[in-house]
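Breakdown of the fold
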Amino acid sequence: MLSIKRKTFGDWVGEIIIYLVLTILAVVMVIPFIYVIAASFAPESEIQSRPIFLIPDNPTLSAYEDVFSGSTGVRVIRSLAVSVGVTVCGTLINLFFTLTMAYGLSRTNLIGKKAVLNMVLFTMVVNGGMIPTFLLVKNLGMYDTFSALILPGAISAYNMLIVRNFFIELPNELEEAASIDGCSDIGIFIKIALPLSLPVIATFGLFYAVGHWNNYFGALLYLEDQNKYPFQLVLRNIVMQTADTSANADQELPEDTLKMAVIVIGTVPILCVYPFLQKHFAAGVMVGAVKG
Amino acid sequence: MAKTKTAVLTAEQKAAKRAKTWTQIKRDRWMYLLLLPGFLFFLIFKIFPLWGILISFQEYYAGLSFFDARWIGFQNFVDFFVGADFLRLLKNTLIISFMNLIFYFPLPIILSLLLNEIKVQWYKKVLQTLVYVPHFVSWVVIASISFMILKTPAIMGNDAYTGGALFEIIKAISGKEVDLLENPSSIYWVLLFQAIWKETGWGTVIFLAALAGVDVEQYEAAIVDGATRWQQLIYITIPAILGTIVTMFVLRMGSVLDTGFEQIILMQNTLNQSASETFDTYVYNYGRVGGDYGHTTAIGLFKSIVSLTCIQLANRAAHAVGQAGLF
């Protein structure tokens, strides 16, 4: 389409500037992560003496050995187990609640559908706030249990509405054919609607999973027992542990390289699923449905 | 129309209609079953806490039961508004919010316009992949990295020890050793730059989608007419995404008092608290930690009402300038 136009000198300069600016910007945004990864493989003396480096002079794995040994090791491994458990269970529960409700609401002439939809939209605008929700969780006996990290956020209204739009747009003929063959609505849901929506399930599964892995607020609000802390909380406590915050005077302070290693461990799972995330949101699932 | 119709319905017709409704409900019984878990979730975790708003009219502390708490009318609100904290919280919240609006809000728009100019598709993809990364990383990681790169040297004034990478860069440029993390006036800039770092890239997604919807023929016609690239930008591209910009602006106004709880609570310390305490962190610090439920629920309610009002006003303003707005 641009063939009819010949680029002038000014166009070329403009183009080069745009490429340069964007490249620098993109590099600046990821360089802190690269620095942290590099620092996690450097000996403590190097971190304390070199302000910034992208390749350590004397690479070592000692920080990672320290993370997984001694009392720190116990804390880290236990919290990683908690985070993995909460992420897996939480995501499954998210998907169960989100998919069933979205499908239930996808029948356009369902009696009472409108009332339920209005309720959902209402809760997107108005909510009780932090303290009433906290008191509810406490009164339901969920305080200081893992269920408090999972159930209060079982459905993201926004995600549910997008999935619902997807179900509405599924071809009706398949469902009608199945229903003539004597399949119940639940059968149609499991045998037809779900297999057709695997990309959508994968997308929202990943988004929910990232949310669980990254969640800090939930654990801060609802957990008391340190042994139940998920990884993000332990990561925070290790990084912030300095001479004046350390509870026991005899407790050894974590070295900076160990802090770097812990940050890397908190980030790596995200980077692992990132290519899949990108693949799906590139497909426009997220944005295309906003209008709905 | 519908009214007159019902009026002439005979008793038999009514019965028939009711029977039809009933068959329809029976036919859809499995759909209702599928709907049930989600419905219960919204009822219990989203609707039921609204009842807790009553707490804001009570003198309600941790350890007390709801039924034992004394009803005190609007006393919590009065105490809050005339109290010493209110103006400070309002000031902090508005500073953070408006710095975000002025400095952050235009960035995703500018970035997406720049990305839109990149015609080499694979390179555009690479750039997008890189700038989206920080969005998916947790606030804990963002805060921890900020802490590591801004920290002061282990031993101040000794050249054998270095501070964090950014601390050293700032020192080299300004010649001063500044501790951005423990300084009330600088914490706002730290929060702003974190928000820019984390969300600018991801913020482009919605604008890029709007840009992708622009008809290519418009550009072709403009080029035939001799429009420069700049003119194409002003007369085609920007009008095409104006609706999206307005929508995002209305949404932003609705959350003018929402300052991102996780980010601020993670960056807060006793030295910068005078500047970094916002409504959200105050509710957490005095409500959840301090146990002053009645008072802090009142603050939450105040915040919700202001948000609703702001979003209404912004939406009306959007209509006034001829945009669709949010609703």
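It should be emphasised that the depicted structure is a prediction, and the values quoted were computed from it without experimental measurement.

Remarks on the overall build of chain B
Counting its secondary structure elements, chain B contains 16 helices and two strands. For chain B, long-range pairs separated by at least 24 residues make up 67% of all intrachain contacts whose partners lie at least 6 apart in sequence.

Some thoughts on the overall build of chain A
Scanning chain A for helices and strands turns up 15 helices and zero strands. Since a compact globule built from 292 residues should have a radius of gyration of about 19 Å, the 25 Å found for chain A marks it as more spread out than a globular shape. For the C-alpha atoms alone, the extent of chain A along its principal axes is close to 75 × 70 × 35 Å. Residues classed as buried in chain A amount to 35% of the 292 residues present.

Observations concerning the domain arrangement of chain A
By a widespread convention, an interface's size corresponds to the accessible area lost as its parts come together. Residues and elements named next belong to chain A. Domain parsing of chain A yields domain 1 (2-49) and domain 2 (71-288). In this structure, domain 1 and domain 2 have C-alpha centres spaced 33 Å apart. Opposite the nine residues of domain 1 that make contact, domain 2 presents eight residues. For the side of domain 1 that touches domain 2, the elements supplying multiple residues, two or more each, are helix 1 (9-40) and helix 2 (44-49). It is helix 1 that contributes the most residues to the side of domain 1 that touches domain 2, five residues altogether. Looking at the side of domain 1 that touches domain 2 residue by residue, the classes come out as seven nonpolar, one polar and one charged.

A closer look at the nonpolar core
Ranked by size, the top nonpolar core spans 128 residues in total, and within it Val-163 and Ile-263 of chain A carry the most contacts. The element best represented in this core is helix 8 (residues 139-150) of chain B, accounting for 10 residues. Excluding anything up to four places from it in sequence, Val-163 of chain A contacts Thr-98, Leu-99, Ala-102, Val-200 and Phe-204 of chain A.

Describing the domain arrangement of chain B
Taken domain by domain, chain B consists of domain 1 (11-42) and domain 2 (77-136 + 192-320). Centre-to-centre separation of domain 1 of chain B and domain 2 of chain B, based on C-alpha positions: 42 Å.

Some words on the interface of chain A and chain B
The interface is formed by 72 residues belonging to chain A together with 72 residues belonging to chain B. Looking at the side of chain A that touches chain B residue by residue, the class counts come to 48 nonpolar, 17 polar and seven charged.

Quick notes on unusual backbone geometry
Trans peptide bonds make up most of the peptide bonds, and negative phi angles are found at most residues other than glycine. All names here are of chain A. Phi at Asp-144 is positive, roughly 65°, even though this residue is not glycine. Structurally, Asp-144 can be placed in the loop between helix 6 (130-139) and helix 7 (147-150). For Asp-144, a count of 13 C-beta atoms within 10 Å corresponds to the partly exposed category.

Quick notes on the packing of helix 13 (residues 231-240) of chain A against helix 8 of chain B
At a minimum axis separation of 10 Å, helix 13 of chain A and helix 8 of chain B run at an interaxial angle of 10°. Here helix 8 of chain B runs roughly parallel to helix 13 of chain A, going by the angle between their axes. Crossing angle aside, the handedness with which helix 13 of chain A passes helix 8 of chain B is left-handed. Contacts from Gln-232, Leu-235, Arg-236 and Val-239 of chain A of helix 13 of chain A reach helix 8 of chain B at Val-140, Ser-144 and Phe-147 of chain B. Partitioned by chemical class, the residues of the contact of helix 13 of chain A with helix 8 of chain B number four nonpolar, two polar and one charged.

Re the environment of Phe-231 of chain A
Residues and elements named next belong to chain A. You can see Phe-231 is positioned in helix 13. Overall, the presence of 29 C-beta atoms within 10 Å leaves Phe-231 in the buried class. Taking the C-alpha atoms as reference points, Phe-231 and Leu-136, 95 residues apart in sequence, are found 25 Å from one another. Setting aside anything within four residues of it in sequence, one finds Phe-231 in contact with Ser-79, Leu-80, Ser-83 and Gly-266.

Some details on helix 13 of chain A
For helix 13 of chain A, the buried fraction is high: eight of the 10 residues fall into the buried class. Listed in full, the buried residues belonging to helix 13 of chain A are Phe-231, Gln-232, Leu-233, Val-234, Leu-235, Arg-236, Ile-238 and Val-239 of chain A.

Calculation notes
- Along each chain, residue indices are assigned from 1 in the same order as the chain's sequence is written.
- Written order determines the labels here, with chains lettered from A and ligands numbered from 1.
- Where local features are concerned, this predicted model is filtered to residues with pLDDT of at least 70; where side-chain atom pairs are given and counted, the filter is 80 or more; whole-chain, interface and lining totals use all residues.
- The way it works is that DSSP assigns letters per residue, a run of H or I at least four long becomes a helix, a run of E at least two long becomes a strand, and they are numbered from the N terminus.
- Contact criterion: two residues are in contact if their C-beta atoms, reconstructed from the backbone, are within 7 Å.
- In this treatment the radius of gyration is a C-alpha quantity, and the globule benchmark scales as 2.2 Å times the residue count to the 0.38 power.
- Once C-beta atoms are placed from the backbone, each residue is buried if 20 or more other C-beta atoms lie within 10 Å of its own, exposed if 12 or fewer, and partly exposed for counts between those two.
- Where each domain starts and ends comes from a domain assignment, either automatic or drawn from a database.
- Residue polarity follows a fixed list, in which Ala, Val, Leu, Ile, Met, Phe, Trp, Tyr, Cys and Pro are nonpolar, Asp, Glu, Lys and Arg are charged, and the others, Gly among them, are polar.
- Buried Ala, Val, Leu, Ile, Met, Phe, Trp, Tyr and Cys residues whose C-beta atoms connect them within 7 Å together make up a nonpolar core.
- The angle between two axes is taken between their N-to-C directions and runs from 0 to 180 degrees, where each axis is a line fitted to C-alpha atoms and a helix contributes only its stretch in contact.
- Throughout this description, any angle smaller than 35 degrees is read as roughly parallel, any larger than 145 degrees as roughly antiparallel, any in the 65 to 115 degree range as roughly perpendicular, and the remainder as oblique.
- A clockwise turn of the near helix away from the far one marks a right-handed crossing, whereas an anticlockwise turn of less than a right angle marks a left-handed crossing.

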